[in-house]
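Chain residues, written in single-letter form:
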Amino acid sequence: MNTHPAFHPLARVLHWTMAVLILAMLFIGVGMVSTVSSKHTWLLAIHKPLGIAILVLAIIRLGVRLRFRAPPLPADMPASMQWVAHASHWVLYALMFAMPLIGWAMLSAGGYPVTILHGWPLPPLVPAHGALFGWLRLAHGVLAYVFFLAILGHMGAALYHGLIRRDDVLPSMSFPRREPSPPQMSDAPATTQASAVGTALPEQPPEAQPAGDPASPGQGDAG
Amino acid sequence: MLALGVAFSYTAGWLAPSRLSAQRIVDALQQNAGWHPGYRRNHAKGVCVSGYFESNGAAAAYSVARVFAQGRTPVIGRLAIPGGNPAAPDDSSPVRSLALRFDLPGGEQWRTGMNNMPVFVVATPQAFYEQLLAARPDPATHKPDPARLAAFFAAHPETGPFLAWAKTTRPSASFATQSYYGLDAFYFIDAAGRKHPVRWRVAPETADHTDAPAGPPSKDDLTDDLDRRLAQGPLRWHLLVTLGAPEDPTNDATRVWPAERPTIDAGTLVIEHAQDQASGPCRDVNYDPTVLPHGIAISDDPLLAARASAYADSYRRRTGEEAHVPGSAPAADATKASQP
Ligand code: HEM
Ligand code: HEM
Ligand code: HEM
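Residues numbered from 1 in each chain as written. Chains lettered and ligands numbered in written order. Predicted model: local features only at pLDDT ≥ 70, side-chain atom pairs only at ≥ 80, totals over all residues. Heavy atoms only, no water.

**Q** Looking at this structure, how should I read the overall build of chain B?
**A** The number of helices and strands found in chain B is eight helices and 10 strands. Relative to a compact globule of 340 residues, whose C-alpha radius of gyration would be 20 Å, chain B shows 20 Å and is just as compact. When its C-alpha atoms are laid out on the principal axes, chain B stretches across 55 × 55 × 45 Å. The buried share of chain B, reckoned over its 340 residues, is 54%. Excluding contacts between residues fewer than 6 apart, the proportion of contacts in chain B whose partners are at least 24 apart in sequence is 74%. Summing over all exposed atoms, chain B offers an accessible surface of approximately 14400 Å²; the carbon and sulfur share of this is 57%. Placing the 32 positive and 35 negative side-chain charges of chain B at their respective mean positions leaves the two points 3 Å apart. (Helix = DSSP H or I, 4+ residues; strand = E, 2+ residues; numbered from the N terminus. Rg over C-alpha atoms; globule rule 2.2 N^0.38 Å. Buried < 20%, exposed > 50% of the residue type's maximum accessible area, 1.4 Å probe, protein only. Contact = heavy atoms within 4.5 Å. Areas by Shrake-Rupley, 256 points an atom, 1.4 Å probe, with all protein chains shown as cover. Lys, Arg positive; Asp, Glu negative; His and termini not counted. Charge placed at Lys NZ, Arg CZ, Asp CG, Glu CD.)

See the structure below:
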């Protein structure tokens, strides 16, 4: 059974790396389609390989997520809120897969080479078909805005947990709390539970560590 | 979060509606010509052609692009006249165009759009846009206001070489007799990784005077002429690549390079078939000149990025109209200026 109330370090590294990359992609996307300057060219040249990289990372991340269960949400969260939290995570996963796949399929439908490595285009995902391009292009644009709004909502929720509820949710994805230590851990009961993962970064899988390593000083409160 | 939202809107251009964008250029094209769903927003009237390029290997020393190795590369092309009106008469402009998509082995492509004049009208997307505004048809006469156009040209001396060409060029009665110029500069990249500035054009084997009709072409003479000629056999052009010297401008399509620059004949473009653009293989192709194979690269010509961006927007609109996606009809004001 899973007794680790924090996300696996690999899950955390992936989460934050991809958060930065995806936000960058949304900005690159809307920037490049509007500009007529030379930025169009180099933004597009970043957009395609980076989008495919996000697809690869999303596959790895889904594997990590299924292999290492996510920590439970705080028990005092209403069931409806927990449901929304889980549903929103799967929506985010769906978009992490959908956006790059649609991008790739869209270029295939438009009859374009899907250039990632110069000179070696990816194979087409779907046959060239103008009307299909029309639909996929619309979907890529609309879902990009849905993605952006979903991320804003997700961020809002994370900050609500971190700043208002001050529970374990934000630390479980950032710098997991350790065993209560003198300086700031007054909300001890919740944190005791949350102290599974030792150092914040990935060298060691959490399983390798005894739950609640009492020796570590509490340094990483909710980043 | 608010900051993120604002930054996003800014990047998307929503907070700066006066910034020149692909959408504004394409809106202007659409306003000048009227809304013709499913058609290209410029060079709307045209015909699909197909055939192949037979490379003789002569350009392979300058570019590693596989299209220049000796042998054949299939080509899907389009011959057209400028403007956003798919029913424009063929003598409405002396400009004719040829766009080509070379399908290289391994899924690579080379796309190019060429015009039959040796220089482009303007050097920058901003000037292109201003020209569109100056050429907007007067709602009363359905014709551009000559005074506004004259004022535009006077304010843009770089248009001089194009105007000189336009003044002396009669609208040709055949697509087959024209040379088509890539106009923008590019780089060829050779096996040692060296970059060679180039411009290319295709020059016809068909001479200008063969069975040219007496007058200028009327409504649809160009496609009739093309069909007549193709019924007798394929049409041929030579792909001529001019090598620029370091001092030649790569960022200004209004200036020709000196005539003494070396030119390579890279092979023969052979056009065998023509097909209606409504059902032919060129319909759903965006001849974006920045879709290039390994071995050819864009230059610093500011028209290139603008073309890529504007062609993509035109392509998004017309494929969306083809698919009848929601929102594919333009806002009311963009349809107001109607056909002549
Ligand atoms: C592109 C942006 C983002 C995406 C796509 C994203 C996606 C996700 C997903 C799918 C999860 C579920 C856990 C997993 O399987 O990895 C998650 C969890 C989490 N995210 Fe994000 N995230 C993004 C940005 C952010 C930001 C900016 C914050 C903080 C301000 C944040 C805070 C969190 C927290 C605290 C959790 C843990 C929630 C829990 O315990 O259930 N995320 N995120
Ligand atoms: C997480 C992945 C991705 C995100 C977040 C993303 C986001 C975006 C956004 C926001 C736009 C502008 C849409 C608009 O304003 O209408 C865009 C356009 C575009 N995207 Fe993506 N994208 C992703 C993946 C990809 C991939 C993998 C490809 C191709 C391999 C791709 C190809 C394109 C192209 C070609 C355009 C411009 C289309 C045009 O000019 O008509 N995208 N993308
Ligand atoms: C900033 C400058 C330019 C803009 C904004 C512009 C805009 C456009 C647009 C929107 C289209 C329709 C594309 C489509 O829907 O597929 C088009 C077509 C075309 N343009 Fe341009 N253009 C520019 C410069 C040039 C130049 C310099 C050339 C010649 C070298 C050129 C040659 C062509 C040709 C040949 C076509 C027709 C392609 C076809 O047959 O599908 N354009 N242009």
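More follows now that the structure is in view.
**Q** Can you help me understand the interface of chain A and chain B in this one?
**A** It is common to give the size of an interface as the accessible area that goes away when the parts come together. Residue-level contacts link 36 residues of chain A with 43 residues of chain B. Interface area, chain A with chain B, both sides summed: about 3000 Å², of which 68% is carbon and sulfur. For chain A, the biggest contributors to the area lost against chain B are A:Phe27, A:Val36 and A:Tyr112; these three give 20% of the whole. Where chain A meets chain B, there are zero salt bridges. Applying the counting criterion to the chain A and chain B interface returns 11 residue pairs in polar contact (both at pLDDT 80 or more). Those elements that place two or more of their residues in the side of chain A that touches chain B are helix 1 (9-34), helix 2 (39-67), strand 2 (120-122) and helix 4 (130-165) of chain A. At 13 residues, the largest contribution of residues to the side of chain A that touches chain B is made by helix 4 of chain A. (Buried area = accessible area lost by both parts, 1.4 Å probe. Salt bridge = Lys/Arg side-chain N within 4 Å of Asp/Glu carboxyl O. Polar contact = N/O pair within 3.5 Å; in protein donor to acceptor, adjacent residues only side chain to side chain.)

**Q** Before we go on, may I ask you to explain the coordination of the iron atom of ligand 3 in this structure?
**A** Reference geometry at the metal: tetrahedral coordination by four donors gives ideal angles of 109.5 degrees; octahedral coordination by six donors gives 90 or 180 degrees. What the protein offers the iron atom of ligand 3 as a donor is a single atom, B:Tyr311 (OH), at 2.1 Å. Positionally, B:Tyr311 belongs in helix 7 (residues 302-323). (Donors = N, O, S within 2.8 Å, 3.2 Å for Na, K, Ca; no water.)

**Q** Explanation requested: the site of ligand 2 in the structure shown.
**A** Close contacts around ligand 2 come from 25 residues, with A:Met32, A:His47, A:Arg137, A:His140 and A:Ala144 the closest. Residues close to ligand 2 are split across chains A and B. Separating an oxygen atom of ligand 2 from a side-chain N or O atom of A:Arg137 is a distance of 2.6 Å. One of the side-chain N or O atoms of A:His140 is found 2.8 Å from a nitrogen atom in ligand 2. Looking at side-chain class alone, the shell around ligand 2 contains 17 nonpolar, six polar and two charged residues. (Near = heavy atom within 4 Å. Nonpolar A, V, L, I, M, F, W, Y, C, P; charged D, E, K, R; others polar.)

**Q** Where do I start with the packing of helix 3 (residues 79-109) of chain A against helix 4 of chain A in this structure?
**A** In helix packing, the relevant descriptors are the interaxial angle and the interaxial distance, both defined with respect to the helix axes. Residues and elements named next belong to chain A. Interaxial distance between helix 3 and helix 4 falls to 8 Å at its minimum, and their mutual angle equals 150 degrees. The angle between the axes of helix 3 and helix 4 places the two elements in the roughly antiparallel class. Our pair here, helix 3 against helix 4, has a crossing hand that is left-handed. (Axes fitted to C-alpha atoms, helices over the stretch in contact; angles between N-to-C directions. Parallel < 35°, antiparallel > 145°, perpendicular 65-115°, else oblique. Left-handed = near helix turned anticlockwise from the far one by under 90°.)

**Q** Which parts of the structure should I look at to understand the environment of A:Asp168?
**A** Following the sequence through the fold, A:Asp168 ends up in the loop between helix 4 and helix 5 (169-173). Measuring from C-alpha to C-alpha, the distance between A:Asp168 and A:Pro71 comes to 9.8 Å, with 97 residues separating the pair along the chain.

**Q** Honestly, the pattern of salt bridges in this entry has me stumped. Any pointers?
**A** Opposite charge on two side chains permits them to pair, given that their charged atoms come into close proximity. All names here are of chain B. On inspection of all chains with the given rule, the structure shows 19 salt bridges over all chains. The shortest N-O distance in the salt bridge between Lys 45 and Asp 90 comes to 2.9 Å. With Lys 45 in strand 1 (residues 45-55) and Asp 90 in the loop between strand 2 (71-81) and strand 3 (97-103), this pair connects stretches of sequence that are 45 residues apart. You can call Lys 45 buried: its relative accessible area is 12%.

**Q** Just checking my understanding: could you explain the site of ligand 3 for this structure?
**A** Residues and elements named next belong to chain B. Neighbouring ligand 3 are 24 residues, the closest being Arg 40, Arg 78, Tyr 311, Ser 314 and Arg 318. Arg 78 is positioned such that a nitrogen or oxygen atom in its side chain is 2.5 Å from an oxygen atom of ligand 3. Note that a nitrogen atom of ligand 3 is positioned 3.5 Å from one of the side-chain N or O atoms of Arg 307. Those elements that place two or more of their residues in the shell around ligand 3 are helix 2 (22-33), strand 3, strand 4 (109-115) and helix 7. When residues in the shell around ligand 3 are grouped by element, the largest group, seven residues, is from helix 7. In terms of residue class, the shell around ligand 3 is made up of 13 nonpolar, seven polar and four charged.

These results come straight from atomic positions and should not be treated as a statement about function.
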